[in-house]
Amino acid sequence: MKKTFTINLSGLIFHIDEDAYERLQDYLEKLKRHFGGKTGSDEIITDIESRMAELLQERLGDQKQVVSMADVEHIIAQLGQPFEMETEETAEEPTHANTYSRRSKRLFRDPDRRKIAGVAAGIAAYLSIDALWIRLLFILSLFASGAGLLIYIVLWIVLPEALTTAEKLEMKGEAVNISNLEKAMRKEVNEVSDKFNTYAKGAHESFKKKVPEATNFFDRLIGVLGHVLRALVKIAGVLLGFVLLFLGLGLVTGFVGGLVGLEGFGHLWEAEGFRFSPLLFGDLFFESKSLSSLAGLSISLIVLLPLLLLIYAGLHLLSAGRFRLSHFVLVSITVWFASWLVVVGIGVSTAFDFRHENRHESMLKEFVPASDKPLLIAAADNTTMAKLGESFMLDDERLLMLNQNASQIFDFPRLRFLPSEDSLLRLRLISEARGRSLSKAEDRSLNVDYQPVITDSSLHLPMLYGYPAADLLRGQRVTITMEIPLGEEVFFDSSLYNENLPNHRNYRYFKRYTGKTWVMTPQGLTEVK
Amino acid sequence: MRKGVLELCILSIIGKRDEVYASDILHELKQAQLIVVEGTLYPLLTRLKNDELLSYRWEESKSGPPRKYYRLTESGQQLLTELKNGWNELVTAVEQIIKIENQA
């Protein structure tokens, strides 16, 4: 006894055995794949289906009712395998046979050796290595913030399963010729029939024991359930496609919009006194403009490629597999990994430029302060302010500024007031910088320009220190420490607080001190009421 | 080479009988042993139709699925004449050479 299906070919109804049905479907699937890219492919398929209907009808005649495997094999032989239908480009090439047998491998999911969905097994077959290594890689990449999981899911969605024998051969890169096909097919048939036999035997026996009449009903129920399930899976696929597509599009828009926003609309923050430009920062951080662009590009690719894959997967699902770009997935994954390599390379090379730190300390002045009135601390008459161009935030502590032609970087110095251990007032200037070598770090720390003006009774501080932009952002920092004798009074002039300067913590700090007299105590500066 | 020949044959089969459907063309081509598998014909027909060398109309069939009856368009007719001329020239040229070879 065999189960039959009813099919509609070109408007004609046929009853067809289950195995023959599968073979026929398989064949049509192959034709669709073969003609997929061409114009008028649907029409070609329809014409061929119509011819099939005609041939089947001829073969069945009046007596036979059901299309068997032999009938299907016969008409397939008559219509020919997709590659036999080529008359166009390949027919004129003398190497036709060769090109076909050396046909490039294709990436499929391998349903025969799968653990989950056959992604790893498929890749392994493609690379002709043991699937163990691919699985190991996937498991390891789970620790890279779960990237492996995402890649696996995307590949699961995008890669077709190797269903037909020809596809299974293609997956392994074996030539799709008659003898190989036959060999593989025979193996498969044996395996399947073995499996089926043992299963059927088991099922049959268990049914016999329980409810023998129910077999038919169960069969039908399962058949119906199967159809419902397949329809549901299709709907779910389309829904998932929509979700992936919009998620991908949304994230890409968000990312690109964010970049453009930071770059172009960063001045919206100018009310707060700064703007941030990723491009500018990159140029000041990396050793050359091209390195900076490369790093920017790679980082963008690392973010964008998985999103493009999401979009691709979405379109693929929505189009029921018809939308496919050959090698898109493979190329994007390769580029993605390459981008990581570039980023890591640039990162390591840049990190080396931070390797050594130099701390240059100089005693500006050491003196007994005039005791009749408080020491005056005021802003130096400072012309750099007028030259300021862009300013941007580096982190919450530091605000960086550039002059108008971006040749110099400016920053606020840090001020520290400590009680002196004797009666001397000491002013120290510490400038720090980092570099690939100690001497490079030293060069950079010496390039930092900061010149307070000191007299016995006053200290005039420039508001900003500066260094050449060519020195890059390499941890340059200026700290001024004042050791003040206990009991000595200090007055902070209101010039230190300038409304026009960017509103920043280092600077806001002065708001508390200015216009008041402070005295040094063992606990630090205390306001004099 | 072969591609052009197949096209010529298809066009002339259609041209000869004014209106034909695919199975007729298949029958003739197979008899002449010009094609091995039937599937070859359909991409060619579709392409010729898309190039507006052929037109077709549907006709219901009592014994089977509805049939597409193809006929030549004007440009199809033109191409057929050109191809035929080209073919005749080629045949004459080749025959001449073969004859000379045989005599030598």
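Residues numbered from 1 in each chain as written. Chains lettered and ligands numbered in written order. Predicted model: local features only at pLDDT ≥ 70, side-chain atom pairs only at ≥ 80, totals over all residues. Heavy atoms only, no water.

Concerning the overall build of chain A
- A count of helical and extended segments in chain A gives 15 helices and 17 strands.
- With 529 residues in all, chain A has 40% of them scored as buried.
- Long-range contacts, defined here as pairs at least 24 residues apart, represent 67% of the contacts in chain A between residues at least 6 apart.
- Approximately 29,800 Å² of chain A is accessible, and the part contributed by carbon and sulfur atoms is 60%. (Helix = DSSP H or I, 4+ residues; strand = E, 2+ residues; numbered from the N terminus. Buried < 20%, exposed > 50% of the residue type's maximum accessible area, 1.4 Å probe, protein only. Contact = heavy atoms within 4.5 Å. Areas by Shrake-Rupley, 256 points an atom, 1.4 Å probe, with all protein chains shown as cover.)

Quick word on a nonpolar patch on the surface
- A surface patch of nonpolar side chains, about 670 Å² in accessible area, is lined by Val224(A), Val228(A), Leu229(A), Leu232(A), Val233(A), Ile235(A) and Leu239(A).
- The topology assignment puts Val228(A) in helix α10 (residues 214-264). (Patch = residues over 30% accessible without salt bridge, like charges linked within 9 Å, V, L, I, M, F, W, Y side chains within 5 Å. Salt bridge = Lys/Arg side-chain N within 4 Å of Asp/Glu carboxyl O.)

Description of helix α7 (residues 147-158) of chain A
All names here are of chain A.
- Here α7 spans 16 Å end to end across twelve residues, near enough to the 16 Å set by a 1.5 Å rise per residue.
- By the burial criterion, the buried members of α7 are Ala147, Gly148, Ile151, Tyr152, Val154, Leu155 and Val158. Buried residues of α7, viewed axially, fall in a sector of 170°; they line one side.
- Residues of α7 that are buried sit in contact with α5 (119-127), α6 (131-142), α12 (289-318) and α13 (328-352). (Expected span 1.5 Å × (residues − 1). Arc of directions from axis to C-beta.)

What to know about the packing of helix α2 (residues 41-60) of chain A against helix α3 (residues 69-79) of chain A
All names here are of chain A.
- Following both chains from N to C, one finds α2 and α3 inclined at 130°, their axes separated by 10 Å at the closest point. Looking at the two axes, α2 sits oblique to α3. Regarding α2 and α3, the two cross each other, and that crossing is right-handed. Residues Ile48, Arg51, Met52, Leu55, Leu56, Arg59 and Leu60 of α2 lie in contact with α3, whose contacting residues are Ala70, Asp71, His74, Ile75, Gln78 and Leu79.
- Partitioning the contact of α2 with α3 into residue classes produces eight nonpolar, two polar and three charged. (Axes fitted to C-alpha atoms, helices over the stretch in contact; angles between N-to-C directions. Parallel < 35°, antiparallel > 145°, perpendicular 65-115°, else oblique. Left-handed = near helix turned anticlockwise from the far one by under 90°. Nonpolar A, V, L, I, M, F, W, Y, C, P; charged D, E, K, R; others polar.)

Topic: the packing of aromatic side chains
- For the coordinates displayed, the defined rule picks out 17 aromatic pairs over all chains.
- On the basis of an interplanar angle of 80° and a centroid distance of 5.2 Å, the ring pair of Trp336(A) and Phe337(A) is categorised as edge-to-face.
- Its relative accessible area of 45% is what places Phe337(A) among the partly exposed residues.
- On the basis of an interplanar angle of 40° and a centroid distance of 5.5 Å, the ring pair of Tyr21(B) and Tyr69(B) is categorised as tilted. Of this pair, Tyr21(B) sits in strand β1 (residues 20-21) while Tyr69(B) sits in strand β3 (residues 67-72), and the two are 48 residues apart along the sequence.
- Three or more aromatic residues joined by ring pairs make a cluster, and in this case those are Phe417(A), Phe492(A), Tyr513(A) and Trp518(A).
- For Lys68(B), the ring lying beneath its charged end belongs to Tyr56(B), and the centroid distance is 4.7 Å. (Phe/Tyr/Trp six-rings, centres within 6.5 Å; stacked < 30°, edge-to-face > 60°. Lys NZ or Arg CZ within 6 Å of the ring centre and 35° of its normal.)

Focus: the pattern of salt bridges
- As enumerated under the stated definition, the model contains 33 salt bridges over all chains in all.
- Notably, a salt bridge pairs Glu43(A) with Lys68(B), separated by 3.2 Å at the nearest N-O pair. Of this pair, Glu43(A) sits in helix α2 while Lys68(B) sits in strand β3, which puts the two residues in different chains. Each member of the pair, Glu43(A) as well as Lys68(B), carries the same accessibility label: buried.
- Through salt bridges with shared partners, one network takes in Arg359(A), Glu361(A), Glu366(A), Asp422(A), Arg426(A), Arg428(A) and Glu483(A).

Side note on the interface of chain B and chain A
- Across the contact, 26 residues belong to chain B and 24 residues belong to chain A.
- At the boundary of chain B with chain A, total buried surface from both sides reaches about 2,000 Å², with 51% on carbon and sulfur atoms.
- Counting across the interface, chain B meets chain A through five salt bridges.
- Viewed at the interface, chain A and chain B are joined by nine residue pairs in polar contact (both at pLDDT 80 or more).
- Within the residue set of the side of chain B that touches chain A, elements represented by two or more residues are α1 (2-17), α2 (22-31), α3 (41-50) and β3 of chain B.
- If you tally residues by element for the side of chain B that touches chain A, the top one is α3(B), at seven residues. (Buried area = accessible area lost by both parts, 1.4 Å probe. Polar contact = N/O pair within 3.5 Å; in protein donor to acceptor, adjacent residues only side chain to side chain.)

Thoughts on the side chain of Arg426(A)
All names here are of chain A.
- In this structure, Arg426 sits in strand β10 (residues 425-435).
- A distance of 2.6 Å separates the side chain of Arg426 from the side chain of Asp422, its partner in a polar contact.
- Filtering out sequence-adjacent residues up to four positions away, Arg426 remains in contact with Met363, Lys365, Glu366, Ser420, Thr481, Met482 and Glu483.

With respect to the nonpolar core
- Grouped together as the largest cluster of nonpolar side chains are 49 residues, with contacts concentrated most on Phe14(A), Ile48(A), Met52(A), Ile10(B), Ile25(B) and Leu29(B).
- The greatest single-element share of this core, amounting to eight residues, is contributed by α2(A).
- Ignoring any residue separated from it by four or fewer positions in sequence, one finds Ile10(B) in contact with Ile25(B), Leu29(B), Leu41(B), Leu44(B), Leu45(B) and Leu48(B).
- In this structure, Leu375(A), Ala469(A), Leu473(A) and Met482(A) belong to the second largest nonpolar core, which totals 39 residues. (Core = buried A, V, L, I, M, F, W, Y, C linked by side-chain atoms within 4.5 Å.)

Thoughts on the confidence of the model for chain B
- Confidence along chain B averages 85 in pLDDT terms, with 93% of residues attaining 70 or more.
- Element-level mean pLDDT values for chain B span from 83 in α1(B) up to 90 in β3(B). (pLDDT = per-residue confidence, 0-100.)

As for the pairing of strand β1 (residues 4-9) of chain A
Residue and element names in this part refer to chain A.
- Here β1 runs beside strand β2 (residues 12-17); their pairing, made up of six bridges, is antiparallel. Bridge pairing in β2 places Asn8 opposite Ile13.
- In sequence, β1 turns back onto β2 through a hairpin of two residues, with Ser10 there showing a positive phi of about 55°. (Pairing = 2+ DSSP bridges.)

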